[in-house]
Amino acid sequence: MKVLIACEFSGIVREAFAKKGHDAWSCDLLPTEIPGKHIQGDVRLQLKRGWDLLIAFVPCTGALR
């Protein structure tokens, strides 16, 4: 399955999907913390690339406790 993890720069979720055999990519404005398949830029430009699954995270603010 071709998976896009949007708004993720850590690479943790991307690597979990890749470990299960998926073609997993992360996308964020920031560079990735774990080397791998990462698109640095605006995720909206990637939405029409034929993903089977898209997971998006909101930025962590620390506001919820």
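Report on the accompanying structure.

Calculation notes
- Residues numbered from 1 in each chain as written.
- Predicted model: local features only at pLDDT ≥ 70, side-chain atom pairs only at ≥ 80, totals over all residues.
- Heavy atoms only, no water.
- Core = buried A, V, L, I, M, F, W, Y, C linked by side-chain atoms within 4.5 Å.
- Buried < 20%, exposed > 50% of the residue type's maximum accessible area, 1.4 Å probe, protein only.
- Contact = heavy atoms within 4.5 Å.
- Phe/Tyr/Trp six-rings, centres within 6.5 Å; stacked < 30°, edge-to-face > 60°.
- Lys NZ or Arg CZ within 6 Å of the ring centre and 35° of its normal.
- Salt bridge = Lys/Arg side-chain N within 4 Å of Asp/Glu carboxyl O.
- Helix = DSSP H or I, 4+ residues; strand = E, 2+ residues; numbered from the N terminus.

## Some points on the nonpolar core
And then number 1: Within the largest apolar cluster, 6 residues are counted, these being Leu4, Ala6, Cys27, Ile39, Val43 and Trp51.
And then number 2: Leave out the neighbours within four places in its chain, and Leu4 touches Trp25, Ser26, Cys27, Val43, Gln46, Trp51, Leu53, Leu54 and Ile55.

## Looking at the packing of aromatic side chains
And then number 1: Under the counting rule described, the total for this entry stands at 0 aromatic pairs.
And then number 2: When the ring centre of Trp51 is taken as origin, the NZ or CZ atom of Lys2, which lies over that ring, is 4.9 Å away.

## Things to note about the pattern of salt bridges
Once the charged atoms of two side chains with opposite charge are near each other, the side chains can pair.
And then number 1: Tallied over the entire structure, the rule returns 3 salt bridges.
And then number 2: Taking the shortest distance from any N to any O, the salt bridge between Asp23 and Lys37 comes out at 2.7 Å. Note that Asp23 is positioned in strand E2 (residues 23-28) and Lys37 in the loop between E2 and strand E3 (38-40), a separation of 14 residues in sequence.
And then number 3: Judged by its relative accessible area of 39%, Lys37 is partly exposed.
And then number 4: One salt bridge in this structure joins Arg44 and Asp42, with 2.7 Å as the shortest N-O distance.
And then number 5: For Asp42, a relative accessible area of 25% translates into the label partly exposed.

## Let's talk about the side chain of Arg14
And then number 1: Considering the arrangement of structural elements, one finds Arg14 in helix H1 (residues 12-19).
And then number 2: Judged by relative accessible area, which is 0%, Arg14 ranks as buried.
And then number 3: Contacts of Arg14, omitting those with residues within four sequence positions, involve Ile5, Glu8, Ala24, Trp25, Ser26, Thr32, Ile34, Pro35, Gly36, Lys37 and His38.

## Comments concerning the side chain of Asp28
And then number 1: The residue Asp28 is located in strand E2 in this model.
And then number 2: Setting aside chain neighbours within four positions, we find Asp28 in contact with Cys7, Glu8, Phe9, His38, Ile39, Gln40 and Gly41.

Nothing here speaks to function; it is all geometry.
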